[in-house]
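Letter by letter, the chains look like this.
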Amino acid sequence: MSGTDPAATDGPRPGVPQAGVKGIGEDPREQDRDVAEAPGKIWFRDLDEAVIEADRCIQCASCVAACPSDSIGIDEDEGRPTLVKMCTGCSRCWDFCPRSGLRYERHLELTQEERGLAEPGTYAARATDEAANAGQDGGVVTALLAALLEAGEIDGAVVAREQEDEPLRGEAVLATSREELLAAGGSIYNQTMGLGQLDELLADADLGSEAHGASDSRAGSETTRETDDPALAFVGTPCMIQGATALDRYDHEPADPIALTVALMCTRSFEHSRLVSRLETFDVDPAAVDTLDISDGELRATDAAGETLLETDVDAFDAAGLRGCDECADFVGGAADISVGNVGSSDGETTVVVRTETGESAWETAAPALETAAIDRPATLEKLADWNRRRAESILPREYDPEAGIGITYEHHRESYDGTDREPEPLNPARVHQYEEWC
Amino acid sequence: MSFGPAVVSPSWLEAHRESDSVVAVDVRDRRDYEELGHLPGAVSVPGDRFRDPSSVAAGKLPAADDFADLLAEAGIDPDDTLVAYGGDPALAARFLVTALVYGHEGSLYLLDGGLEAWRDGDDRSLTTDVPDREPTDYEAALCEDAPLVDRDAVEAAVEGDAVLVDTRTAAEYEQSRIPGAVHLDWEDLLEDGRLKSEDDLEALLAERGIEPDERILLYCNTARRLSHTFVVLRHLGYEDVAFYEGSLTDWVRAEAPEWDPVELQEQVRHYADNGGFEAMVDELGEDVLGRLKLIGLYHQKQRGYFMLRTRAPGGRLTVEQARTIGEVADEFARAPAEYGGPDQNPVFGDGYLDATTRQDVQMHWIEIEDVAEIWDRYDAVGLSTMQACGNSVRNVVGCPAAGLDPDETVDIEPVVERVSQRFLGDHHYANLPRKFKVSVTGCHEDCARSGIQDLGLTPARKDGKDGFVARVGGGLSDGPRVASDIDLFVEPDQVDDLVAAMADLFMDHGSYLDTAVNRLRFLVAEFGPERFREELESYADFEFVEPDEVLTMDYRGDHVGVHEEADGRSYVGLNVPTGRMGGDEFAELAELADELGDGEVRLTPNQNVLVPHLTDDDLEALLEDPLLERYSPDPGPFTRGIVTCTGREFCNYGIIETKNRAIRWARELDDWAEQVGIADDHEAIRIHMSGCSASCAQPQLGDFGLRGEVYRDDYESGRAADLGLGGDLGNDEFIDWLVGKIPIDDVPDVVKATMCAYDADSEPEESFTEWADRTSNAELREIVTERPARDSPAIGTEVS
Ligand SMILES: Cc1cc2nc3c(=O)[nH]c(=O)nc-3n(C[C@H](O)[C@H](O)[C@H](O)COP(=O)(O)OP(=O)(O)OC[C@H]3O[C@@H](n4cnc5c(N)ncnc54)[C@H](O)[C@@H]3O)c2cc1C
Ligand code: SF4
Ligand code: SF4
Ligand code: SF4
């Protein structure tokens, strides 16, 4: 029990966890706590310090989607989560963040047990139509989604395209036609936070009456959506898929519209402004870049005429990478229905892994639009996945353990991360979004 | 120092950078500085380290000491020439302005074109080498002639005292601005990232009437962009330039008409007959929903419907007022069919109201179409919803037994009334940085809970005169704190002046910019009680004195039951479990109070109601009325002690449903208490349950404090609660949160197990709080986590 005069007690010190007192900075919010916190209690602030301030956030937006009171928004400049109204201290953002409370390797294990095919299908494929040119590799994702859309299996797909006013900066879009899918073909090497925007994307999209399952439009429903039960494909980097499928495993509403998940195999994503700044040091004008491609350890930038602007070892772009990606062992996007990449396939082909029944049925629907072969060098895929896991294990300050419980407590996180270069950083008031909504 | 700051070119820097006393300062993120590279020799002072909205310093300025530490760490001496650059020239300028305000002695320069321009030159590569500079002992203090102005100066400028310049984009300027401001987008001073030629600049400025011999005041939104314009104007030789650190954010809240409660109420009235909710939102924008709190309307999670909060200063209502509230709830607080209509709530049906812990009355499902009618009826009986919510002086909490209690020292009614009237509808005080809570107690028992108020007044004496002693800076949500005694005596007729002084101080110092920390208690904590008292005195127009004698403080509790009044009559406190009552029942109670009592009904801070002034015959008649079966003066201990907030049913934040659950639990637990024979040992067992971790149900004060949570394991997730034990404001005791995430349905068993442990372990006469206080948290934790098997017979037999 405590009822002490706050002036008499010392404030918490950075880096020193205090019994029952949360938070690590000397923020005024903490100076006068007269009450010890419950063990395991989480506020957004704890996530902020452990992940975002510590520069470990991978911008997957799981936290944004998970928050039941919609208290987390997306900072416009930095593209990172930020509190936009009162936090109720419910812990859910933490629980679903693959960089803190969600033991993602456990989640991958569980989804695979629950939904994985005994024998996942692995293919090298390419689109037989114009999608082949629009896509990054074989245009398989574009062709697949277009086929599903046209077959009425999905109402739309959450994909990414380059923002009009900012070269190379991606944004999430909800594509509802073949044209829109073609326009969004190709890889964007930064995160879109799309998982946190499903509601807005749905509200803005006109899924209209012909949409899948859109018969009984409840009057006065809490959302303004036209379609009550849309079915969307959700495309993203493996961490985004981790968040989406984890929310779905616990039947959390934000994942309801997602009917199919497609993971873009990935060893790292980039921070947009640093990516641009890095290109500039190579005297490449980011606005002139039409496509970026990273394969086989090389980064290549080409202009609209197909002229190569830069070709260099991707390591030269280390400083632009998201630091949190180093802790990721999920190169193959193990929680997705379908994963796609380019390793192990020839140029112009996409490597595809079909992992679940949902994925299989989608794959069959799209078969006529695709030319499929056995993958060229399956061993390369495995080798890369292996390397990726070993890297993560060597960098991850906590244990990597697919058999341990799915939740990681705040205390456990602190024990593993404190004293490393990934330890929580005090909340920085200058970065706090100024919100004005409380209960 | 030289007259500055000024702008220098990359070649100037090239020529001078070898000098030890010329220091380039990189204001980008530390990681960019380290990994992407920086100018050779540049030190890193990241922008997010010198912009601190949460310090007591004005606006976004950091505290002087923090700024000094930052520069000391970077190895900067007070007389060094500083050349700032970054990705964002406004941020670099901001650094210079901050250094200027804190009295840096050396010259201050902005690098024209920043990093880009530097790199464009020959052989000006970047480096990742960090220069080897010794830390210094830099000291900083606010300069006396710092070019900062406050809101008063801006008001004067509006009157024509100076040229007011808005440095934001044209779109922002169009949308809202300070009256009379001219527009100068800070970026218009640049071309391709470089400063335009002096001729161009002078033409640009002259066009807008910004002349060197005028006094110029700059503002933007967060005092970043104006910094760049400031530097450029100084560079051009403008002498009298200053800036408004609080900027538009501060101004809008304090002065803009859309934040005027009286005006707002008129606007909303208009929509009652002209299109209702949708028309209002269309025309005034979604953000009107936030402002409606000012007039007591709180948007529910069900779109288009509102919670309406009616204030009852000191908890006092005339029977006409009570009847009106009851009737309004019965008529308007009705759910539409799609939300269940008459069956919206399985326990309470429809048309109900909630008494709150601040002696307000809340009702739900109010539509914009209804509000004009409701306000008309309210006006006729002198009720108001204005400033019941929002960042204003909230409903003043007072002892509900004021004027009744034989031990009373000061009659608080006139005090409560004067404070309420003084701030009601006052635009100036309607938009404080955050809400401002005041309580006044006149008796010896602090039932109005001074310890959790921004300003709590309890009785005291000085030179034979009765008055109050003030405690400041208490509160529960976001960082609970027990109020500090500042040893200040006030006479009853000084109270409203004191509240005004405190509100003024709050406005000046409680940052409008860091909204997360601008409760008054953060200010008290940051200043410390002594300095706070000094500051406060400078705002008050009376001299501060200490009390001779502070009259006993004790926390009585809930006023439930029959009590004798000073004049021999009686008052009866009726228990309203969770504060919820049918509107018709509330009207019925008003009827009874009219018939039997003396025309009054009162609300208590425990969500109960009180009927005063009953003669013995009337008392008997009241006690026999069937309404008192449900709202009993002698309820079971759990029913008596239960307090909840609104919860998930209506609240946007609520994680768990509270009211129905609480009623169900209370009944179940009372039956159990009866069975195991502990019911008569306890007057009240106080379970305080909040739907989330905000503190609306004051969980920190309960015997059992609960707040809604979620839990998750490998396969499941569900609703849960955090639990704490032994809160009691009587001895300034907040609970410690013992365990988190107890699955919600396990809570009654945890309560039973705890009561059993208390019964087994406590000393005779030891209260629950005392017991919980004495028992270590580890032991308590064990009691509440080792849940007995449900229905374990051992519990019953052991106790009985
Ligand atoms: C950050 C990143 C890193 C990658 N790293 C590797 C790697 O190391 N090795 C490897 O084999 N493959 C990697 N890939 C995957 C590869 O670049 C291709 O996306 C994949 O092979 C599919 O090609 P496609 O032609 O079939 O897809 P396309 O037909 O081009 O369709 C791709 C779809 O994904 C969407 N999309 C693109 N970028 C994003 C994004 N950032 N977030 C959400 N949606 C997006 C597009 O809008 C489009 O709809 C990476 C992808 C990304 C985004
Ligand atoms: S309310 Fe819950 S999910 Fe939302 S920010 Fe707070 S702790 Fe995270
Ligand atoms: S890693 Fe994902 S879940 Fe975690 S904080 Fe960042 S965006 Fe949120
Ligand atoms: S490497 Fe992992 S963490 Fe990084 S973007 Fe890809 S999936 Fe996400």
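Residues numbered from 1 in each chain as written. Chains lettered and ligands numbered in written order. Predicted model: local features only at pLDDT ≥ 70, side-chain atom pairs only at ≥ 80, totals over all residues. Heavy atoms only, no water.

(A) Fine view of the overall build of chain B. Assigned secondary structure in chain B consists of 30 helices and 33 strands. Relative to its length of 800 residues, chain B is compact, with a C-alpha radius of gyration of 31 Å against a globular reference of 28 Å. Projected onto its principal axes, the C-alpha positions of chain B cover 95 × 65 × 55 Å. For chain B, with 800 residues in total, the buried portion stands at 64%. If you take every contact in chain B between residues at least 6 apart in sequence, the share linking residues at least 24 apart comes to 70%. Total accessible area on chain B stands at roughly 28700 Å², and carbon and sulfur atoms take up 42% of it. (Helix = DSSP H or I, 4+ residues; strand = E, 2+ residues; numbered from the N terminus. Rg over C-alpha atoms; globule rule 2.2 N^0.38 Å. Buried < 20%, exposed > 50% of the residue type's maximum accessible area, 1.4 Å probe, protein only. Contact = heavy atoms within 4.5 Å. Areas by Shrake-Rupley, 256 points an atom, 1.4 Å probe, with all protein chains shown as cover.)

(B) Region of the structure containing helix α10 (residues 238-249) of chain A. Residues and elements named next belong to chain A. With twelve residues, α10 should reach 16 Å at 1.5 Å per residue; the first-to-last C-alpha distance of 16 Å fits that figure. Here α10 lies mainly inside the structure; eleven of its twelve residues are buried. Those residues of α10 that are buried lie in contact with α3 (62-66), α5 (104-115), β6 (232-236) and β7 (258-264). Phi turns positive one or two residues past the end of α10, at Asp251, with a value near 60°. (Expected span 1.5 Å × (residues − 1).)

(C) Spotlight on the domain arrangement of chain A. Residue and element names in this part refer to chain A. Entries for chain A in the domain assignment read domain 1 (1-102 + 409-439) and domain 2 (106-271 + 321-394). Opposite the 27 residues of domain 1 that make contact, domain 2 presents 23 residues. Carbon and sulfur atoms make up 56% of the area that domain 1 and domain 2 hide from each other, which totals about 2100 Å². A per-residue breakdown of the area domain 1 buries against domain 2 is headed by Gln59, Phe96 and Arg422, which together make up 26% of the total. The interface formed by domain 1 and domain 2 holds four salt bridges in total. Between Arg422 and Asp326 there is a salt bridge whose closest N-O contact spans 3.1 Å. The interface formed by domain 1 and domain 2 includes twelve residue pairs in polar contact (both at pLDDT 80 or more). The biggest single contributor to the side of domain 1 that touches domain 2 is α3, with four residues. Considering only residue class, the side of domain 1 that touches domain 2 consists of 14 nonpolar, three polar and ten charged. (Domains from an automatic or database assignment. Buried area = accessible area lost by both parts, 1.4 Å probe. Salt bridge = Lys/Arg side-chain N within 4 Å of Asp/Glu carboxyl O. Polar contact = N/O pair within 3.5 Å; in protein donor to acceptor, adjacent residues only side chain to side chain. Nonpolar A, V, L, I, M, F, W, Y, C, P; charged D, E, K, R; others polar.)

(D) Seen up close, the domain arrangement of chain B. Residues and elements named next belong to chain B. Each domain of chain B was delimited in the assignment, giving domain 1 (6-120), domain 2 (148-246), domain 3 (257-550) and domain 4 (640-785). Here the C-alpha centroids of domain 1 and domain 2 sit 22 Å apart. Listed per partner, the contact involves 22 residues of domain 1 and 18 residues of domain 2. When domain 1 packs against domain 2, the two sides together hide about 1600 Å² of surface, and 68% of this comes from carbon and sulfur.

(E) Representation of the packing of helix α26 (residues 659-676) of chain B against helix α27 (residues 747-761) of chain B. Residue and element names in this part refer to chain B. Relative to each other, α26 and α27 sit at 35°, their axes nearing to 11 Å. In the packing of α26 onto α27, the handedness of the crossing is right-handed. Judged by residue contacts, Trp665, Glu668, Leu669 and Trp672 of α26 engage Val747, Pro748, Val751, Lys752, Met755 and Cys756 from α27. A class-by-class count of the residues in the contact of α26 with α27 yields eight nonpolar, no polar and two charged. (Axes fitted to C-alpha atoms, helices over the stretch in contact; angles between N-to-C directions. Left-handed = near helix turned anticlockwise from the far one by under 90°.)

(F) Geometry of the confidence of the model for chain B. All names here are of chain B. Averaged over every residue, the pLDDT of chain B is 89; residues scoring 70 or more account for 94%. Here residues 788-800 is a poorly scored stretch, pLDDT under 50, and it has 13 contacts once near neighbours within four places are set aside; other chains count. For this predicted complex, the interface confidence reaches an ipTM of 0.82, while the overall pTM sits at 0.85. (pLDDT = per-residue confidence, 0-100.)

(G) A look at the site of ligand 1. All names here are of chain A. Close to ligand 1 lie 31 residues; Asp137, Thr142, Ala184, Ser187 and Asn342 are nearest. Protein contacts shield 98% of the accessible area of ligand 1, which totals 910 Å² for the unbound molecule. Among the elements that take part in the shell around ligand 1, helix α7 (residues 140-150) stands out by supplying three residues, more than any other. (Near = heavy atom within 4 Å.)

(H) Focus on the side chain of Ser71(A). Turning to its location among the elements, Ser71(A) is positioned in the loop between α3 and β1 (72-74). Among the polar contacts listed, one links the side chain of Ser71(A) to the backbone oxygen of Met86(A), at a separation of 2.6 Å. Discounting residues that sit within four places of it in the chain, Ser71(A) has contacts with Thr82(A), Leu83(A), Val84(A), Lys85(A), Met86(A), Cys87(A) and Tyr653(B).

(I) Focus on unusual backbone geometry. Residues and elements named next belong to chain A. Even without glycine at this site, Ser91 takes up a positive phi of about 80°. Along the chain, the position of Ser91 falls in the loop between β2 (81-83) and α4 (92-95). Positive phi outside glycine occurs at Leu168, with the angle close to 70°. Mapped onto the elements, Leu168 comes out in the loop between β4 (156-162) and β5 (170-175). Residue classification places Leu168 among the buried positions, given a relative accessible area of 9%.

(J) Local environment of the site of ligand 4. Around ligand 4 lies a shell formed by Ile58(A), Arg99(A), Gln191(A), Pro238(A), Cys239(A), Cys266(A), Thr267(A), Arg268(A), Ser269(A), Cys325(A) and Cys328(A). For the shell around ligand 4, the class distribution of residues is six nonpolar, three polar and two charged.

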